[in-house]
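# A structural walkthrough
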Amino acid sequence: MCEIYHLHLIITIMTTQELQIAFEEAYGRKAEKMYFAPGRVNLIGEHTDYNGGCVFPCALSFGAWLLIAPNTDKVLRFKSLNMPQTYEIAIDKIAPQPDRAWCNYSLGCMAIIARRHPEAKLEQGYDLLYYGNVPAGAGLSSSAAMEVVTARAFTEEMGWKDTDDKAYRTELALIGQACEHEYAGVMCGIMDQFASAQGKKDHAIYLNCDTMEFEHVPVKLEGIKVVITNTHSPHHLDSGAYNDRVRQCQLAVEQISKVKPIKNLAELTEEDWREVEGAISDPIAKKRARHVVGEVARTADAVEALKKGEIAYFGELMTASHVSLRDDYEVTGPELDALAEAAWQVEGVLGSRMTGGGFGGCTVSLVKDEAIETFKAFVGSEYEKKTGLKADFYVAEIGDGVKALI
Ligand code: ADP
Ligand code: MG
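Residues numbered from 1 in each chain as written. Chains lettered and ligands numbered in written order. Predicted model: local features only at pLDDT ≥ 70, side-chain atom pairs only at ≥ 80, totals over all residues. Heavy atoms only, no water.

So, on to the pairing of strand S6 (residues 125-132). Looking down a regular strand, the side chains alternate between one sheet face and the other. Of all eight residues in S6, eight are buried; the element is thus mostly enclosed. Across eight bridges, the pairing between strand S3 (residues 57-71) and S6 is antiparallel. Within S6, the position partnered with Leu 67 by the bridge is Leu 129. As defined by bridge partners, strand S4 (residues 75-80) adjoins S6 across five bridges and the pair is classed as parallel. When the bridges of S6 are listed, Arg 77 appears paired with Asp 127. (Buried < 20%, exposed > 50% of the residue type's maximum accessible area, 1.4 Å probe, protein only. Helix = DSSP H or I, 4+ residues; strand = E, 2+ residues; numbered from the N terminus. Pairing = 2+ DSSP bridges.)

Rendered as structure tokens:
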């Protein structure tokens with residue numbers, strides 16, 4: 001595979017047979033087990049999760065594969081077809097490794113499984129080989145895919161597994177999220193790991209991130225595709241900008257609570273909003289809150305639209321979501337705006353918006369089959385003209401959540 005060591009380029013597919021061969025080349029023997037966990041794209045519901053609101057992601061058909069075989073050396077050997085670094089860690093020395101080592105995403109899951117389930121024990125060593133085809137750092141959650149695939153494999157190896165499939169998948173997501181917090185230092189919500197664990201082919205997940213109640217909603221898009229466009233922008237939503245948004249939303253909650261006690265902005269309907277917005281004296285906090293209240297309503301409307309087959313309306317809501325993220329939440333930036341604004345001009349595009357935290361990463365668009373080539377050509381050239389960067393396009397398939405392959 002010529003793409004080895006490139007997480008950023010193109011989406012490649014390796015067959016399970018090719019992965020088996022890669023494992024044999026790496027370790028000189030066959031893998032005993034193989035698992036897959038997907039990346040995800042959020043269709044609508046952005047920056048709602050930490051405000052008590054819902055999100056609407058779906059799992060992708062690309063993600064992370066993990067092949068494992070036990071060894072007799074009591075060490076964990078880590079290799080990845082995407083990364084040049086390899087690691088060897090004794091099974092009784094599991095701790096975060098320095099320099100943002102990629103094995104932290106695996107080690108963290110093992111440590112957290114042991115902590116959350118005292119009966120689970122790592123009693124032997126393993127040789128591990130990862131392969132991912134989610135472009136890393138593009139906001140499609142290659143890290144969540146890696147965590148969930150590891151949690152799936154090692155809950156089983158370490159001897160803990162819930163017999164209730166739904167509860168088991170939620171627990172895999174929680175293990176992945178705790179790993180992301182403690183071993184990667186990213187204080188993310190539950191959406192990414194949840195979508196990777198609970199995804200279902202041709203369904204999106206309407207998820208309340210607070211209660212973790214969710215519903216699989218069929219995505220029937222006859223003659224329309226979900227197209228993901230990667231900005232390849234070096235910008236991302238850094239923790240400073242993220243924490244600012246969290247604080248501004250909290251300030252809005254405090255000021256609104258003087259006239260109407262609330263815990264989260266997501267509790268407000270758009271009608272409530274008109275009554276309480278005057279209570280927010282800080283103009284920035286007011287804009288942020290207006291986005292959240294609008295986005296929560298749009299997400300609920302989008303789910304209803306999808307259920308009724310009103311895809312054109314669904315697309316309009318996606319576009320309105322981008323406008324709100326651009327003007328009120330101010331997390332889009334020139335690259336995402338260039339992509340979305342070019343997409344809106346293409347006939348056959350039902351809607352287009354940024355997805356993920358913002359500033360860089362990807363947009364997600366609904367595009368009619370017959371318009372896909374024009375879409376790629378027009379959006380690609382407009383984007384390059386405005387930013388000097390080249391965009392990448394992926395026609396997404398909505399896939400299943402984490403699964404065992406052998
Ligand atoms: P994303 O938006 O893709 O989740 P992150 O920065 O959160 O971006 O995670 C990317 C990191 O996850 C990579 O830098 C690497 O450490 C790890 N990672 C993801 N996929 C793989 C893989 N296939 N092999 C090894 N490490 C991986
Ligand atoms: Mg990540």
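In the neighbourhood of ligand 1, 15 residues make up the surrounding shell, with Ser 80, Asn 82, Gly 137, Ser 142 and Ser 143 lying closest. Ser 142 places a polar side-chain atom, nitrogen or oxygen, 2.7 Å from an oxygen atom of ligand 1. A distance of 3.0 Å is found between an oxygen atom of ligand 1 and a side-chain nitrogen or oxygen belonging to Ser 143. Protein chains bury 82% of the 570 Å² of accessible surface belonging to ligand 1 in isolation. If you list the elements that add at least two residues to the shell around ligand 1, you get S6 and helix H3 (142-158). (Near = heavy atom within 4 Å. Polar contact = N/O pair within 3.5 Å; in protein donor to acceptor, adjacent residues only side chain to side chain. Areas by Shrake-Rupley, 256 points an atom, 1.4 Å probe, with all protein chains shown as cover.)

Note on placement: Arg 298 falls in helix H8 (residues 283-307). For Arg 298, the residues in contact, after removing those within four places along its chain, are Ile 44, His 291, Leu 317, Ala 320, Ser 321 and Ser 324. (Contact = heavy atoms within 4.5 Å.)

Before going further, it helps to spend a moment on H3. Since one α-helical turn is 3.6 residues long, residues separated by three or four positions face the same way. With 17 residues, H3 extends 24 Å between its outermost C-alpha atoms, agreeing within 8% with the 24 Å of an ideal straight helix rising 1.5 Å per residue. Burial of H3 is extensive: 14 of the 17 residues sit out of reach of the surface. Backbone geometry just after H3 places Gly 159 at a positive phi near 90 degrees. (Expected span 1.5 Å × (residues − 1).)

Applying the stated rule across the entire model yields two cavities of 30 Å³ or more. Volume-wise, the second largest cavity comes out at about 30 Å³. Lining the second largest cavity, in full, are Leu 43, Val 219, Leu 221, Val 226, Leu 306, Phe 314 and Leu 366. Taken together, the residues of the lining of the second largest cavity sort by class into seven nonpolar, no polar and no charged. (1 Å grid on protein atoms, 1.4 Å probe; cavity = no way out; pocket = protein on both sides within 12 Å on 5 of 7 lines; lining within 4 Å. Points joined across faces, edges and corners; volume = space filled by probe spheres on them. Nonpolar A, V, L, I, M, F, W, Y, C, P; charged D, E, K, R; others polar.)

Now for the pattern of salt bridges. If you walk through the whole model with that rule in mind, you get 29 salt bridges. Note that Arg 77 and Asp 127 form a salt bridge whose closest N and O atoms lie 2.9 Å from each other. Of this pair, Arg 77 sits in strand S4 while Asp 127 sits in strand S6, and the two are 50 residues apart along the sequence. Comparing Arg 77 with Asp 127, the two get one shared label, buried. Residue Lys 403 is joined to Asp 400 by a salt bridge in which the shortest nitrogen-to-oxygen separation is 3.7 Å. Taking the relative accessible area as the measure of exposure, Lys 403 reaches 33% and is therefore partly exposed. Within the structure, one salt-bridge network assembled from shared partners comprises Arg 29, Asp 73, Arg 77, Glu 88 and Asp 127. (Salt bridge = Lys/Arg side-chain N within 4 Å of Asp/Glu carboxyl O.)

With that settled, the discussion passes to the domain arrangement of the protein. Under the domain assignment used here, the protein contains domain 1 (16-217 + 400-404) and domain 2 (224-395). Look at where the C-alpha atoms of domain 1 and domain 2 centre, and you get two points 27 Å apart. In this assembly, 25 residues from domain 1 lie in contact with 38 residues from domain 2. Between domain 1 and domain 2, a total of about 2,400 Å² is buried, with carbon and sulfur atoms accounting for 68% of that surface. Between domain 1 and domain 2 we count two salt bridges in total. At the boundary of domain 1 and domain 2, one finds 13 residue pairs in polar contact (both at pLDDT 80 or more). Counting residues per element, the ones that place at least two in the side of domain 1 that touches domain 2 are strand S1 (33-42), strand S2 (54-55), S3 and strand S8 (214-218). Here the residues of the side of domain 1 that touches domain 2 sort into 15 nonpolar, seven polar and three charged. (Domains from an automatic or database assignment. Buried area = accessible area lost by both parts, 1.4 Å probe.)

Right, let's get into the packing of helix H4 (residues 165-183) against helix H5 (residues 191-198). Direction vectors running N to C along H4 and H5 enclose 145 degrees, while the axes themselves pass 8 Å from each other. Here the hand of the crossing between H4 and H5 comes out right-handed. Judged by residue contacts, Lys 166, Arg 169, Thr 170, Leu 172, Ala 173, Gly 176, Gln 177 and Glu 180 of H4 engage Gln 193, Phe 194, Ala 197 and Gln 198 from H5. (Axes fitted to C-alpha atoms, helices over the stretch in contact; angles between N-to-C directions. Left-handed = near helix turned anticlockwise from the far one by under 90°.)

Our next topic: the sheet that holds strand S11 (residues 362-368). One open sheet accounts for four strands, arranged S10-S11-S9-S12; its pairing is antiparallel. Bordering the open sheet on either side are strand S10 (349-355) and strand S12 (392-396), each of which pairs with just one other strand. With strand direction ignored, the average angle separating the axes of adjacent strands in the sheet is 25 degrees. Pairing between S10 and S11: six bridges, direction antiparallel. Across the sheet, Met 354 pairs through a bridge with Thr 363, a residue of S11. Lying on the sheet, helix H9 (residues 311-327) is in contact with strand S9 (224-230), S10 and S11; it crosses S10 at an angle near 35 degrees.

Taken in spatial order, the six strands of this open sheet run S5-S4-S6-S3-S1-S13, and their pairing is mixed. If you trace the sheet from one side to the other, it starts and ends with strand S5 (83-90) and strand S13 (403-404), each paired once. With respect to the sheet, helix H2 (residues 104-116) is in contact with S4, S5 and S6, its orientation differing from that of S4 by roughly 140 degrees.

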